[in-house]
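Residues per chain are reported as follows:
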Amino acid sequence: MKITLLASDEATAPLYRVRALARLLQRRFEVEVLGFVSEARAIDAAAPRDFPYRAIPVGRGRAFAASARRLREAISGDLVYAMKPRPTSYGVALAHRAATGCPVVVDVDDWEIFMIHPWSRFTLKNMAYALRRLDDPNNHLATWALDRRIGKADGVTAVSRFFQRRYGGLLAPHYVDTALYDPARHDGEASRRALGLEGQRVVVFAGIAHPGKGVAAILEALRGLGPGAPAWRLVIVGPATPYARAIASSDPRVVLVGTQPPTRTPAYLAMADLVVLPQRRSPVAVGQMPMKLFEAMAMAVPVIATALSDIPEVLEGCGRVVPPDDPRALRDAIAELFAEPAAARALGQRARARVVARHSWEVGAAVIGDYLATRASG
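Figured I'd write up the structure that's included with this text. For clarity, every value in this text was computed on a predicted model and none was experimentally measured.

## Here we look at the environment of Glu 336
For step 1, the next point in the chain: In this structure, Glu 336 sits in helix 13 (residues 327-339).
For step 2, the next point in the chain: Residue Glu 336 is classed as partly exposed on the basis of its relative accessible area, which comes to 29%.
For step 3, the next point in the chain: With 16 residues separating them along the chain, Glu 336 and Arg 320 place their C-alpha atoms 10.0 Å apart.

## Focus: the environment of Ala 376
For step 1, the next point in the chain: Here Ala 376 lies in helix 15 (residues 361-376).
For step 2, the next point in the chain: For Ala 376, a relative accessible area of 29% gives the class partly exposed.
For step 3, the next point in the chain: Taking the C-alpha atoms as reference points, Ala 376 and Val 80, 296 residues apart in sequence, are found 9.1 Å from one another.
For step 4, the next point in the chain: When neighbours within four sequence positions are excluded, Ala 376 is seen to be in contact with Met 1, Leu 79 and Pro 103.

## Side note on the packing of helix 8 (residues 215-223) against helix 13
For step 1, the next point in the chain: At a closest axis distance of 8 Å, the pairing of helix 8 and helix 13 adopts a crossing angle of 60°. With respect to helix 13, the element helix 8 is oriented oblique. Crossing of helix 8 against helix 13: the hand is right-handed. Contact residues: helix 8 offers Ala 217, Ile 218, Glu 220, Ala 221 and Leu 222, while helix 13 offers Pro 327, Leu 330, Arg 331, Ile 334 and Phe 338.
For step 2, the next point in the chain: Classifying every residue of the contact of helix 8 with helix 13 by side-chain character gives 8 nonpolar, no polar and 2 charged.

## Let's talk about the nonpolar core
For step 1, the next point in the chain: With 91 residues, the main nonpolar core has Leu 293 and Ile 334 as its most contacted residues.
For step 2, the next point in the chain: By size, the runner-up hydrophobic cluster in this structure holds 28 residues, among which are Leu 21, Val 31, Ala 172 and Ala 365.

## Observations regarding the side chain of His 359
For step 1, the next point in the chain: Structurally, His 359 is set in the loop between helix 14 (341-358) and helix 15.
For step 2, the next point in the chain: Apart from the residues lying within four places of it in its own chain, the contact partners of His 359 are Pro 173, His 174, Tyr 175, Val 176, Phe 294 and Arg 354.

## A word on the sheet that holds strand 7 (residues 170-171)
One key point about sheets: their strands pair by backbone hydrogen bonds, in either a parallel or an antiparallel sense.
For step 1, the next point in the chain: Pairing within the open sheet is parallel, and its 7 strands lie in the order 3-2-1-4-5-6-7. Looking along the sheet, the strands with just one partner apiece sit at the ends: strand 3 (54-58) and strand 7.
For step 2, the next point in the chain: Each of strand 1 (2-7), strand 2 (30-38), strand 4 (79-83) and strand 5 (104-108) touches helix 1 (residues 15-25); the most contacted strand, strand 1, lies at about 175° to it.

Rules of the game
Residues numbered from 1 in each chain as written. Predicted model: local features only at pLDDT ≥ 70, side-chain atom pairs only at ≥ 80, totals over all residues. Heavy atoms only, no water. Helix = DSSP H or I, 4+ residues; strand = E, 2+ residues; numbered from the N terminus. Buried < 20%, exposed > 50% of the residue type's maximum accessible area, 1.4 Å probe, protein only. Contact = heavy atoms within 4.5 Å. Axes fitted to C-alpha atoms, helices over the stretch in contact; angles between N-to-C directions. Parallel < 35°, antiparallel > 145°, perpendicular 65-115°, else oblique. Left-handed = near helix turned anticlockwise from the far one by under 90°. Nonpolar A, V, L, I, M, F, W, Y, C, P; charged D, E, K, R; others polar. Core = buried A, V, L, I, M, F, W, Y, C linked by side-chain atoms within 4.5 Å. Pairing = 2+ DSSP bridges.

The following block contains the structure:
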C-alpha cells in the first residue's frame, strides 16, 4: 500500500506535523509527500527535509486550477492523506477522489477557520475581509467551505478530543521520535555552556512566539519571582518573530536561538530546567495541542502548560497545569518547581515514560497505520 501525503503549504510550520506522520508511516507503507510551494519565495530553509517530498509551484487566483491539476497528476498513492482541511490539501484530495475514486483521509490539527487572516472569531467580519483575498487559494471563504465538508472524507484523524468530537474519526495525537528525543543522547550542560548559561535556571519556550502562545506571561511570571529567586534565563527556541524580538529587547535575560531543525531541537530541550507553554484562551487554542509539549516530555523535562484542549489529560501526574491567562498561577508553578528540583526531575521522568508508552513513532505507526489501512480497503 502506498500513501500520498498532501501538505497544505510545504514552506511553513505545518510541515512539522507532516514530517512526523510521513516518517512514522514509512515504517509500514510506501509514502510520498507532495505539497505546493510559492513561486514568489524560496522554501523555508528551517523546515525539516529528511523525508521524500516533491514541491509543486502554486499559482494564485485563476492560475490555482492549473497548479491543482499538476498536483493531482503527481499523486500515485492508493490513499490520499490530506494534511489540514485546506483547499491546497483537502480540496485537491477531494477533486482527485472525484476523478479517480481514490479514498481520502484528512488530518485536523488546528481549527483552520481561525488560522486564516484576519484571525477573528466573528464569522461575518471574516467573510467580509476575505473578499480582499480571494486570489489566495487558502482564503477564509474557501477554508470555511471545506471545514463544512470534513464529514465527506473517507476518514478523519484528529489531534485532540475537541476536534474528534467536532469532526469524528480517529484520535491521533502528536507522536515523537523517542530514539532521537532521548535525554541520554544529549548533553544539556554543553548546550548551556555554548550559550553562556552556566549557573542559571533555564526556562525554555519552544515554538512560534506570538501573543496567543503566552510568551509574555512567562516573562511576567519570572520577573514576579522576586529578588530572592534563583538567577534565570528565558530561552525562546523558534523563529525570531517581531513579537519574540520585542520580548527579548525588553529584558536582557531573554535569549533567542532561532528556528532549529528537529535533529538539533533535543539539545536545546536537554538544557532546560523547565519548558513552559502557557497558551492563552482563544478559538485557536481550544483544540490545539503543541507538538513541543510531547517533545519536551520525551526529553524528560518538566513541563508547565495551560489547561486547554487535552493538555490536562496528557500532563496528569507528570507535569503542572495552570489556568490560562493567570500569571499568578503560572508564577507559583514555576516557583514550586524551582524550589523542588527533585520533584521536578521526577515529573520529567514520568513524562518520558508516558510518551514512550503512548506517543512514540512505533505507537503512531500502529494506531494510524491500522486506521488508514481500513479506510483504503473501504
